[in-house]
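Commentary on secondary and tertiary structure
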Amino acid sequence: MERVASVVALDSCSLTMAHRPEHYAGREQAFVKHHFLKHYLESLIHKIASAYGEVVYVDGFSGPWQNRGERFEDTSFGIALQALTDAKRSWANMAHKPRLVRMTAHLVERDPASFARLAELQLLFPDVEVVTHQGDFTAIAPKIASLISSRAFSFVLVDPKGFSLDLTALQPLIARPQCEVVFNFMFDFVNRFALFDDPKIAPMLDRLIPTEDWRAPLRALETDPTATSERRKRVIVEAFEQAVSKVGGYHYVADVDVRRPDRDRTLYFLVYGTRQRAGIRVFRDCQVKSLGVQADIIARKRIADQAAVSSQFELLGSMHEMAPDPNKAFLAEEEDKAEAYLLNIVPITGQGELWGKIWPTVLARHVIRLSDLNKVANQHRKAGRLIFPTWPIGPKRAPDDDFPVLRGSVC
């Protein structure tokens, strides 16, 4: 099987962004998070503005906490407000059929000092209506939901400092029909306390992951000699993803693994929920880009640590020649899994299933871009493992969403 997955080059160019890397010294993992949010929100908001008269951004734990940028460009809400501003101006200046799109941001912060700083934002971003709320996000969420027009599209970011979060309390906000959500799931904390019977901590985790006996698979792993830390990780994060899907009513839920740059160990997951096929497509595109940035940061950290202990250390070659690229093997493995899953879910008999229903299911489960999955599908079509009855004769390389697909006899 010819390898089709591509890997983002891990050079210094991958760190060229509106928010500057030097603002993230000591909190490099936030750079990875913001890199993903920047590219995702820029793409999402511009596309959404073509179909909705209002786009609403909600940040449940705004801060700012450690920002160093003058325009808050190294904060999640700063990135979002800039994306809202750019999209509004872009659509207003369209040569053909310009659109006036209302942009609104609801920012919630409990800490009085941090909340006071949010007052600066309206002057910095006059094209966005900035509404600030002081207090507990779970208590304020229903009110925010009531303020959002039923015709508006909303994007909700839930980025708490820990794991004290009542997921069910957010249902009025995140279960809106036209809504997408990203959670910062603090895996490092949850993993540490998942099986603790502490009368304070256990109920907190149950409110975060409101699914029936989510600890049972973890207990089973405790007695399984073949269990690995990776399996434990997936059990925990998938339990949360199932809860997000159930509470929010999302068809597709996926995640980004954000690692500690000093230990190359998972710190948290960005868990994404959407009901739109286009959403999961953009999510995977942005995730692959962010993987390159994360590997670059980890490589830089390792090189800096080596340089600190060795005066003889010299920087030879490129960054990724000196540090192994962990993404190449990961993306290759994910592509293999996506390929196997694709062949498993395509029906053998009947009229087949539309490609537009198949590919979002694969992308929701595995880290692969649609462009790469299309190549995989075409290769299997040529080999007779997949049959696309309506695929036209000619040089066409990718299936359309309305193409039915069946498994071929070669499988």
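See the structure shown above.
Residues numbered from 1 in each chain as written. Predicted model: local features only at pLDDT ≥ 70, side-chain atom pairs only at ≥ 80, totals over all residues. Heavy atoms only, no water.

1. Considering the overall build of the protein
The secondary structure content of the protein amounts to 15 helices and ten strands. Relative to its full complement of 411 residues, the protein shows a buried share of 50%. Long-range pairs, those at least 24 residues apart, make up 70% of the contacts in the protein between residues at least 6 apart in sequence. Put simply, the protein shows about 19400 Å² of open surface, and 52% of that area lies on carbon and sulfur atoms. (Helix = DSSP H or I, 4+ residues; strand = E, 2+ residues; numbered from the N terminus. Buried < 20%, exposed > 50% of the residue type's maximum accessible area, 1.4 Å probe, protein only. Contact = heavy atoms within 4.5 Å. Areas by Shrake-Rupley, 256 points an atom, 1.4 Å probe, with all protein chains shown as cover.)

2. Some remarks on the packing of aromatic side chains
Inspection of every chain in the model, using the stated rule, returns 18 aromatic pairs. Consider the rings of Phe388 and Trp391, whose centres lie 5.2 Å apart with planes at 65 degrees: the pair is edge-to-face. For Trp391, a relative accessible area of 9% puts it in the buried group. Ring geometry for Trp391 versus Phe403: centroids 6.0 Å apart, planes at 55 degrees, classification tilted. Taken together, the positions of Trp391 in the loop between β9 (386–387) and β10 (404–407) and Phe403 in the loop between β9 and β10 put the pair twelve residues apart, joining distant regions of the chain. One aromatic cluster is present, formed by Phe36, Tyr40, Tyr57, Phe155, Tyr272 and Phe283 through successive ring pairs. Over the ring of Tyr341 we find Arg365; its NZ or CZ atom is 4.5 Å from the centre of that ring. (Phe/Tyr/Trp six-rings, centres within 6.5 Å; stacked < 30°, edge-to-face > 60°. Lys NZ or Arg CZ within 6 Å of the ring centre and 35° of its normal.)

3. Remarks on the pattern of salt bridges
In total, this model carries 21 salt bridges according to the counting rule given. In this structure, the salt-bridge partner of Arg215 is Asp206, at a minimum N-O distance of 2.7 Å. Relative accessible area serves as the criterion here: at 10%, Arg215 is assigned to the buried category. Residue class for Asp206 comes out partly exposed when judged on its relative accessible area of 35%. (Salt bridge = Lys/Arg side-chain N within 4 Å of Asp/Glu carboxyl O.)

4. Looking at helix α8 (residues 201–208)
In an α-helix, one turn spans 3.6 residues; hence positions three or four apart end up facing the same way. Burial in α8 covers these residues: Ile201, Ala202, Leu205 and Leu208. Projected down its long axis, α8 carries its buried residues within an arc of 120 degrees, all on one side. Buried residues along α8 sit against β5 (179–185), α7 (187–193) and α10 (229–248). (Arc of directions from axis to C-beta.)

5. Re the sheet that holds β10
The strand order β8-β10-β9 describes an open sheet built from three strands, whose pairing is antiparallel. Only two strands of the sheet have a single partner each, and these edge strands are β8 (353–354) and β9. (Pairing = 2+ DSSP bridges.)

6. What to know about unusual backbone geometry
For Lys97, which is not glycine, the phi torsion reads 55 degrees and is therefore positive. With a phi angle near 45 degrees, Asp213 is a residue other than glycine that sits in the positive phi range. In this fold, Asp213 is placed in the loop between α8 and α9 (216–222). Taking the relative accessible area as the measure of exposure, Asp213 reaches 48% and is therefore partly exposed.

7. Some remarks on the sheet that holds strand β1 (residues 54–59)
Strand order across the open sheet formed by seven strands is β3-β2-β1-β4-β5-β7-β6, with mixed pairing between neighbours. This sheet does not close on itself; its edge strands, each paired only once, are β3 (129–134) and β6 (252–260). With strand direction ignored, the average angle separating the axes of adjacent strands in the sheet is 15 degrees. (Axes fitted to C-alpha atoms, helices over the stretch in contact; angles between N-to-C directions.)

8. Some remarks on the pairing of strand β2 (residues 102–109)
For β2, the tally of buried residues reaches seven of eight residues, placing the bulk of the element in the interior. Direction of pairing for β1 relative to β2: parallel, over a ladder of six bridges. Bridging across to β2, Val58 finds its partner in His106. As paired strands, β2 and β3 are joined by six bridges and run parallel to one another. Looking at the pairing, Ala105 lines up with Val130 of β3.

9. Regarding the side chain of Lys233
Looking at the secondary structure, you find Lys233 in helix α10. Those residues in contact with Lys233 that sit more than four places away from it in its chain are Phe187, Asp257, Arg259, Thr266 and Phe269.

10. So, the environment of Phe31
If you trace the backbone, Phe31 turns up in helix α1 (residues 28–48). For Phe31, a relative accessible area of 2% corresponds to the buried category. Between the C-alpha atoms of Phe31 and Val258, which are 227 residues apart in sequence, the distance is 10.0 Å.

11. Side note on the packing of helix α14 (residues 355–365) against helix α15 (residues 370–383)
Where α14 meets α15, the axes come as close as 11 Å, and the angle between the chain directions of the two elements is 120 degrees. The angle between α14 and α15 falls in the class oblique. As α14 packs across α15, the resulting crossing turns out to be right-handed. On α15, the residues that touch Trp355, Trp359, Val362 and Leu363 of α14 are Leu370, Leu373, Asn374 and Ala377. Grouping the amino acids of the contact of α14 with α15 by side-chain chemistry returns seven nonpolar, one polar and no charged. (Parallel < 35°, antiparallel > 145°, perpendicular 65-115°, else oblique. Left-handed = near helix turned anticlockwise from the far one by under 90°. Nonpolar A, V, L, I, M, F, W, Y, C, P; charged D, E, K, R; others polar.)

12. Regarding α15
A rise of 1.5 Å per residue sets the reference length of α15, with its 14 residues, at 20 Å; its end C-alpha atoms lie 20 Å apart and thus fit the reference within 8%. Taken together, the buried positions of α15 are Leu370, Asp372, Leu373, Asn374, Val376, Ala377, Asn378, Gln379 and His380. Remark: Gly384 follows α15 within two positions and exhibits a positive phi of approximately 85 degrees. (Expected span 1.5 Å × (residues − 1).)

13. Structural notes on the environment of Gly248
Examined against the element boundaries, Gly248 turns out to sit in helix α10. When the C-alpha atoms of Gly248 and Gln171 are compared, they prove to be 6.1 Å apart, with 77 residues separating the residues in sequence. Once you skip the residues sitting within four places of it in the chain, Gly248 turns out to touch Ile174, Ala175 and Arg275.

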